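Close look at the chain arrangement
Spelled out, the chains give:
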Amino acid sequence: WAQRLCSAAWGDTIFAVSSGHGRCGVAVIRTSGPGSRGALQSLTGRPELPPPRVLALRRIRDPTTAEPLDRGLVVWFPGPQSFTGEDCAELHLHGGPAVVSGVLRALGLAGGLPGLRPAEPGEFTRRAFRRGKLDLTAAEGLGDLIRAETEAQRRQALRQMEGELGRLYQRWSETLTQALAHLEAYIDFSEDDNVEEEVLSQVDATVWALEQEIGSHLQDGRRGELLRGGVRAVIAGPPNVGKSSLLNLLCQRPAAIVSPVAGTTRDVVEVALNISGYPLVLSDTAGLRDATDPVEQEGVSRARDRLRQADLVLAVLDAAAVPAEPAALGAALGSLLPPAAPPCILVLNKADLLQGGGGTLRDACARGDPLPPATLLSCRTGEGLDHLLALLARQLAQLCGDPLAGSPSLTQSRHSLHLGDCVAALARYDRERRRDLGLAAERLRLARRHLGRITGHVGAEDVLDIIFRDFCVGK
Ligand code: GDP
Ligand code: ZN
């Protein structure tokens, strides 16, 4: 369809169901393009349109047979004051499949109205971008908002959709434009006495400060990306300590096979969880031990890979089988996890089996004594689950940050790639600057171009298909 989109004239009119699909109370169909006016006129059977952006109750008719299809609300959004910037119309219909398909057919599927065609995924937003209604980061934020499954994801996406990230990058771009103007003035007029040496050192200072600012934006621990895609956590530990039971307890459904036979979890089971508004993608792994069975060996090696790539590890040990001394516990954990493992929460499971109540361990966990945050847990009785959830929530908040605090986070690898290139160009400026001012200026232009690619002000064509591919039809 990308091919078709490129060749399609921008003058045509598109339509799509914008509400969810399937049976629902209200279905929203919208159109965008110059044919919206005529579509609304023929569907309502009236030449006059309702006042702009005001809901009006109308009978919707098949324009060819005049048969009533529904009675619903219609809205007229004349461009440019519409989402796409073009003339748009919305029909709020009863959500029954026959109503929706009848109106869709009337709109053009069966050639009812000339010039109208079904929209491609993301085509409304793509048109809005073309008309300068939003930049690429805002479009991406909108896509994320539609996909957001947890509160924290929603907050981050909404912020980005409202243009905060785009404005940050735009501000950096303007800073560069200004620095460049000063540098060019210096190059052109440095013979005159009017332009002082001072101008040059000001440009240097500006570029240096910007390099630092972008650098620290880049080094935020991928918090925005983690929040967007979900923190990937693995449950790791020796066989039979209750890893699969823990996964089941956390998702309250039997997603992983729980069994008393050591080495049953041979593949990797993954579930998406919402912990205090933060997204967690949790996977169960085969028990970490020296396996002899080739199938199990494969499982163990996958478990080790997962462990290395994870953002968080839930290390599970049998509470009855670990030393009661917190210090010795650290060592037991060290033998389980590879060096430089991701952040970890220690789960001491089967607390119900502890002889004499396990007072020392319990105290140590409550005090936060062992190296990683730890909790006693019983998957059998549910004891300790609240403590574990609290530890998880704290870790997730640390990894993802507060999406509303401070400046907006970097959310996509697409952005970090361009920002990396931008910082590299600024670093080259530093070196070039002493040798050749013309080349130094070229570095600043290059840096600015990389920023422009993020927002779509420069050469967006090649990324549009990728960005809008994941949008739904009707957005
Ligand atoms: P995995 O191999 O680490 O995934 O361990 P499983 O989750 O398959 O559990 C192994 C065995 O330990 C099963 O028989 C579970 O019923 C049992 N088990 C798991 N958690 C607990 C617990 O908290 N208390 C007790 N008493 N048994 C448990
Ligand atoms: Zn298991």
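This structure is a prediction, so every number in the text was calculated from the model and none was measured. (Residues numbered from 1 in each chain as written. Chains lettered and ligands numbered in written order. Predicted model: local features only at pLDDT ≥ 70, side-chain atom pairs only at ≥ 80, totals over all residues.)

**Digging into the overall build of the protein chain**
Condition: Secondary structure counts use DSSP, requiring at least four H or I residues in a row for a helix and at least two E residues in a row for a strand, with both numbered from the N terminus. The burial criterion counts other C-beta atoms lying within 10 Å of a residue's C-beta, which is placed from the backbone; the residue is buried at 20 or more, exposed at 12 or fewer, and partly exposed between these limits. Two residues qualify as being in contact provided that their C-beta atoms, derived from the backbone, are within 7 Å of each other.
Helix and strand content of the protein chain: 17 helices and 12 strands. Within the protein chain, the proportion of its 475 residues that are buried is 41%. When contacts within the protein chain are restricted to residue pairs at least 6 apart in sequence, long-range pairs at least 24 apart make up 66% of them.

**Section: the sheet that holds strand β8 (residues 269-275)**
Just so we agree on the cut-off: Pairing between strands is defined by DSSP: at least two bridges between them are needed. A fitted line through C-alpha atoms represents every axis, and for helices the fit uses only the stretch in contact; the resulting angles, taken between N-to-C directions, go from 0 to 180 degrees.
Across the sheet, which stays open at both edges, the six strands sit in the order β8-β9-β7-β10-β11-β12 with mixed pairing between neighbours. Looking at strand neighbours, the two that pair on one side only are β8 and β12 (374-376), the edges of this open sheet. If you compare each strand with its neighbour and ignore which way they point, the axes differ by 25 degrees on average. Alignment of strand β7 (residues 231-236) against strand β9 (residues 278-284), held across five bridges, turns out to be parallel. Residue pairing in the sheet places arginine 232 in a bridge with valine 281 of β9. Packing of helix α13 (residues 359-367) onto the sheet brings it into contact with β11 (344-349) and β12, and relative to β12 it is tilted by some 140 degrees.

**Details of the packing of helix α8 (residues 197-218) against helix α15 (residues 413-433)**
Test applied: In what follows, roughly perpendicular refers to angles from 65 to 115 degrees, roughly parallel to angles under 35, roughly antiparallel to angles over 145, and oblique to any angle outside these ranges. A clockwise turn of the near helix away from the far one marks a right-handed crossing, whereas an anticlockwise turn of less than a right angle marks a left-handed crossing. Residues are grouped as follows: Ala, Val, Leu, Ile, Met, Phe, Trp, Tyr, Cys and Pro are nonpolar; Asp, Glu, Lys and Arg are charged; all remaining types, including Gly, are polar.
At their nearest, the axes of α8 and α15 sit 10 Å apart, and the two run at 150 degrees to each other. Taken together, the axis directions place α8 and α15 in an arrangement best described as roughly antiparallel. At the point where α8 passes α15, the crossing takes the left-handed sense. Contacts from Asp204, Val207, Leu210, Glu211, Ile214, Gly215, His217 and Leu218 of α8 reach α15 at Ser416, Leu419, Gly420, Cys422, Val423, Leu426, Ala427, Tyr429 and Arg433. In terms of residue class, the contact of α8 with α15 is built from 10 nonpolar, four polar and three charged.

**A few points about α13**
Here is the rule we go by: The directions considered for the arc run from the helix axis to the C-beta atoms.
Within α13, burial applies to Leu361, Ala364 and Cys365. Each buried residue of α13 lies within a common arc of 95 degrees when the element is viewed along its axis, so the set occupies one face. For α13, the exposed residues lying more than 90 degrees away from the buried face are Gly359, Asp363, Ala366 and Arg367. Just downstream of α13, glycine 368 is the residue with a positive phi angle, here 75 degrees.

**With respect to the nonpolar core**
To keep things clear, this is the line we draw: Any nonpolar core is a set of buried residues, restricted to Ala, Val, Leu, Ile, Met, Phe, Trp, Tyr and Cys, that join up through C-beta atoms within 7 Å. Segmentation of the chain into domains, including their bounds, is taken from an automatic or database domain assignment.
Ranked by size, the top nonpolar core spans 64 residues in total, and within it Ile29, Ala89, Val103, Cys422, Leu426 and Leu444 carry the most contacts. At eight residues, the largest contribution of residues to this core is made by helix α7 (residues 164-189). Counting the residues that make up this core, at least three belong to each of domain 1 (2-130) and domain 2 (137-220 + 410-456). Among residues more than four places away in sequence, those in contact with valine 103 are Ile29, Ile60, Leu69, Asp70, Leu91 and Leu93. Of all hydrophobic cores here, the second largest spans 47 residues; its members include Ala233, Leu282, Ala364 and Leu392.

**Observations concerning the pairing of strand β5 (residues 88-94)**
β5 sits mainly inside the fold: five of its seven residues count as buried. Where strand β2 (residues 26-32) and β5 come together, seven bridges link them in antiparallel fashion. If you follow threonine 31 over to β5, its bridge partner there is alanine 89. For strand β4 (residues 68-77) and β5, the ladder comprises five bridges, and the chain directions are antiparallel. Of the residues in β5, the one forming a bridge with tryptophan 76 is alanine 89.

**Details of the domain arrangement of the protein chain**
Examined at the domain level, the protein chain breaks down into domain 1 (2-130), domain 2 (137-220 + 410-456) and domain 3 (226-400). With centres defined by C-alpha atoms, the gap from domain 1 to domain 2 works out at 40 Å.

**Observations regarding helix α4 (residues 123-130)**
Extensive coverage of α4 is indicated by the burial of seven of its eight residues. Among the residues of α4, Glu123, Phe124, Thr125, Arg126, Arg127, Ala128 and Phe129 are the ones counted as buried. Taken together, the buried residues of α4 touch β1 (13-17), β2, α5 (136-147) and α17 (461-469). Remark: glycine 132 follows α4 within two positions and exhibits a positive phi of approximately 75 degrees.

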